[in-house]
Amino acid sequence: MTIRNALMAGAAGMALVAGAQAAQAQDITVGYFLEWPMPFQYAKATGMYDEALGTSVNWVSFDTGTAMSAAMASGDVQLSVSQGVPPFVVATSAGQDLQALDVAVSYSDNDNCVVQEILEIDKDSAAELEGKRVAVPLGTAAHYGFLEQMNHFGVDITTMDVVDMAPPDGAAAMAQGSVDMACGWGGSLRRMKDYGNVLLTGAEKEELGILVFDVTSGPATWVAENSDMVAAFLGVTAEANAMWADEANHEEMLPVIAKDAGMDEEATAATLETFVFPPVEEQLTEKWLGGGAQDFMAGVAQVFVEAGSIDSALDSYADNVNTGPLETASSGM
C-alpha cells in the first residue's frame, strides 16, 4: 500500500464525520507558506484534503502571518496553516475573532535573527547592535523573537533603525549589505545565514523561554459554522504528520513535499530536521492547547505591549483556542 492510499484510508473516516455537509460544501481557500516544508503538503499535493472534505481546497501562499490575518479578515481565506503565534496574537488583540485549531509545528531553530558577518558581533558583544539597522517582519514570530533576544542582551531597541521587511526582502537586504541584521524563517533564514551568524541557537532560545510554534487558525464564526469540515481538515493533517513520523515513508513523501514547497530535496530535508510536529494527543495536553498555548499568547501580547507594537492585550486568550474540531478529528482516527 502506498503512503497516499494509507492516508486515504485514515482520511476516509474523517470524510464520514464531515458527512453530507462536506459533500455539499463550497470550495474553501487555505493559506500556507512556500519554502516552509511540512507533511501536510504531501496530502495537499495528492488531493487528500479534497477527498476528505468532499470539496475543492484552493491554496494560496503568503510571505507573513500578518498577511494571513488580513486575508482571513476579508473572507478571502478560511483557514491558515502554520500561522505564527505572534501575528495571531496581534490580530486577536486588535479584535479579530480568530481561533487557533491545532499546533502546526514547533521550530525554535528555524526562526531567528542573523547579524552581518563583517560586524563580528556575537552573543558576547550584542550590545554593539545599538544604533544598527535591522530588517524585521513586524507582528510575526520573528519580531517576537527579536524583541525577546534584544531584551535578554539589554539592547535598547529605541536606538535601532527597525525596518518592516518580509523575510525574502530582509534576506535580499542582507545580501546587499543594506541592513546590519535581519530576522526571518525558512528559506529566507537560510539565505541570511550565507552573510552572517545567529546570536542564539534554538536550544539557547528555549532555555530563555523563547518558544516558537505555529498554529492552524481560522475565523471563529466560520469555524463554528463548518466544524465538521474543520475536523476533517485537521484529521488529514494529523494523518500526514503521523506518516512522516515513520522514516520509512520519507523516500516517497520528501520529493512531493519539496516540489510543493518550491525547494530542492536537500534543503527540504534539512529544514524538516529542525521541525517538530506534535501528535494530536500531545497537542491536547496542558503543555499545548490545554492551557500552555493560551498562557504563551498572553506572554507574547505583553511583550508587544511593552514594546509599543500593540496598544493593549486581551484579558485572556482562552476563547481564541478551540480544541473542539481537533478532538473530533482525534476520535475519528
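Residues numbered from 1 in each chain as written. Predicted model: local features only at pLDDT ≥ 70, side-chain atom pairs only at ≥ 80, totals over all residues. Heavy atoms only, no water.

Asks: How do you make sense of the nonpolar core when you look at a structure like this?
Replies: A general tendency of soluble globular proteins is for nonpolar side chains to be buried together. Counting residues in hydrophobic clusters, the biggest one holds 90 residues, and the most contacted among them are Leu129, Phe146, Met150 and Met181. A per-element tally of this core places helix H11 (residues 227-244) first, with 10 residues. Beyond its immediate chain neighbours, meaning those up to four positions away, Phe146 contacts Cys113, Val134, Val136, Ile157, Met160, Val162, Met181 and Cys183. The next biggest cluster of nonpolar side chains, apart from the first, holds 11 residues, and it includes Met165, Ala171, Val179 and Ala182. (Core = buried A, V, L, I, M, F, W, Y, C linked by side-chain atoms within 4.5 Å. Buried < 20%, exposed > 50% of the residue type's maximum accessible area, 1.4 Å probe, protein only. Helix = DSSP H or I, 4+ residues; strand = E, 2+ residues; numbered from the N terminus. Contact = heavy atoms within 4.5 Å.)

Asks: What's the story with the state of the cysteines in this structure? I'm lost.
Replies: By definition, a disulfide links the sulfur atoms of two cysteine residues through a covalent bond. On inspection of all chains with the given rule, the structure shows 1 disulfide. Paired through a disulfide, Cys113 and Cys183 show a sulfur-sulfur distance of 2.1 Å. The S-S bond linking Cys113 to Cys183 shows a torsion near 105 degrees; that makes this disulfide right-handed. Linking Cys113 in strand S5 (residues 111-116) with Cys183 in strand S8 (residues 181-185), this pair joins segments that are 70 residues apart in sequence. Residue classification places Cys183 among the buried residues on the basis of a relative accessible area of 1%. (Disulfide = S-S within 2.5 Å.)

Asks: Help me understand the sheet that holds strand S1 (residues 28-33) in this model?
Replies: Strand pairing in a sheet relies on backbone hydrogen bonds. The paired strands run either parallel or antiparallel. Ordered by their spatial adjacency, 5 strands build an open sheet running S2-S1-S3-S10-S4, and the pairing between neighbours is mixed. A single partner strand is all that each edge strand has here, and the edge strands are strand S2 (57-62) and strand S4 (98-106). For this sheet, the mean inter-axis angle between neighbouring strands, taken without regard to orientation, is 30 degrees. (Pairing = 2+ DSSP bridges. Axes fitted to C-alpha atoms, helices over the stretch in contact; angles between N-to-C directions.)

Asks: What exactly am I supposed to notice about the sheet that holds S5 here?
Replies: Here 5 strands make up an open sheet; going across it, the order is S7-S6-S8-S5-S9 and the pairing mixed. Looking at the sheet topology across the chains shown, the edges are occupied by strand S7 (161-164) and strand S9 (196-198). Taken over all neighbouring pairs, the strand axes of this sheet differ in orientation by 25 degrees on average, direction set aside. Two elements, S5 and S8, share 5 bridges in a ladder whose sense is antiparallel. Bridge pairing in S8 places Asp111 opposite Trp185.

Asks: Can you walk me through the environment of Glu265 in this structure?
Replies: Topologically, Glu265 is positioned in helix H13 (residues 265-272). Between the C-alpha atom of Glu265 and that of Leu254, which follows or precedes it by 11 residues, the distance is 6.7 Å. Every residue in contact with Glu265, bar those within four places of it in the chain, is listed here: Leu254, Pro255 and Ala258.

Asks: How should I be thinking about the side chain of Thr92 in this particular structure?
Replies: Note that Thr92 resides in helix H5 (residues 85-93). The class of Thr92 is buried, set by a relative accessible area of 3%. Of the polar contacts made by the side chain of Thr92, one reaches the backbone oxygen of Val89; its length is 3.2 Å. (Polar contact = N/O pair within 3.5 Å; in protein donor to acceptor, adjacent residues only side chain to side chain.)

Asks: Looking at this model, I keep getting lost on the pattern of salt bridges. Mind explaining?
Replies: Counted under the stated rule, the structure contains 5 salt bridges. Across the pair Arg133 and Asp161 runs a salt bridge whose closest N-O atoms are separated by 3.1 Å. With Arg133 in strand S6 (residues 133-136) and Asp161 in strand S7, the pair connects residues that are 28 residues apart, well separated along the chain. Of the charged contacts in the structure, one is a salt bridge between Glu282 and Lys287, with a shortest N-O distance of 3.9 Å. (Salt bridge = Lys/Arg side-chain N within 4 Å of Asp/Glu carboxyl O.)

Asks: How do you make sense of the packing of aromatic side chains when you look at a structure like this?
Replies: Describing an aromatic ring pair means giving the distance of the ring centres and the angle of the ring planes. Here the structure, examined in full by the defined rule, presents 15 aromatic pairs. An angle of 85 degrees between the planes, with centres 6.0 Å apart, marks the rings of Tyr32 and Trp59 as edge-to-face. Here Tyr32 is found in strand S1, whereas its partner Trp59 is found in strand S2, with 27 residues between them in sequence. A relative accessible area of 8% places Tyr32 in the buried class. Measuring from ring centre to ring centre gives 6.0 Å for Tyr107 and Phe275, while their planes differ by 70 degrees; the resulting arrangement is edge-to-face. Of the two residues, Tyr107 sits in the loop between S4 and S5 while Phe275 sits in the loop between H13 and helix H14 (280-283), which places them 168 residues apart along the sequence. Members of the aromatic cluster, each reached through a chain of ring pairs, are Tyr32, Phe40, Tyr49, Trp59 and Phe233. (Phe/Tyr/Trp six-rings, centres within 6.5 Å; stacked < 30°, edge-to-face > 60°.)

Asks: Help me understand the pairing of strand S3 (residues 79-84), please; the structure alone is not making it clear to me.
Replies: Where a strand is regular, its side chains alternate between the two sheet faces. Along S3, 6 of the 6 residues are buried, which leaves the element largely enclosed by surrounding structure. Two elements, S1 and S3, share 2 bridges in a ladder whose sense is parallel. Its bridge partner lying in S3, Gly31 is registered against Ser80.

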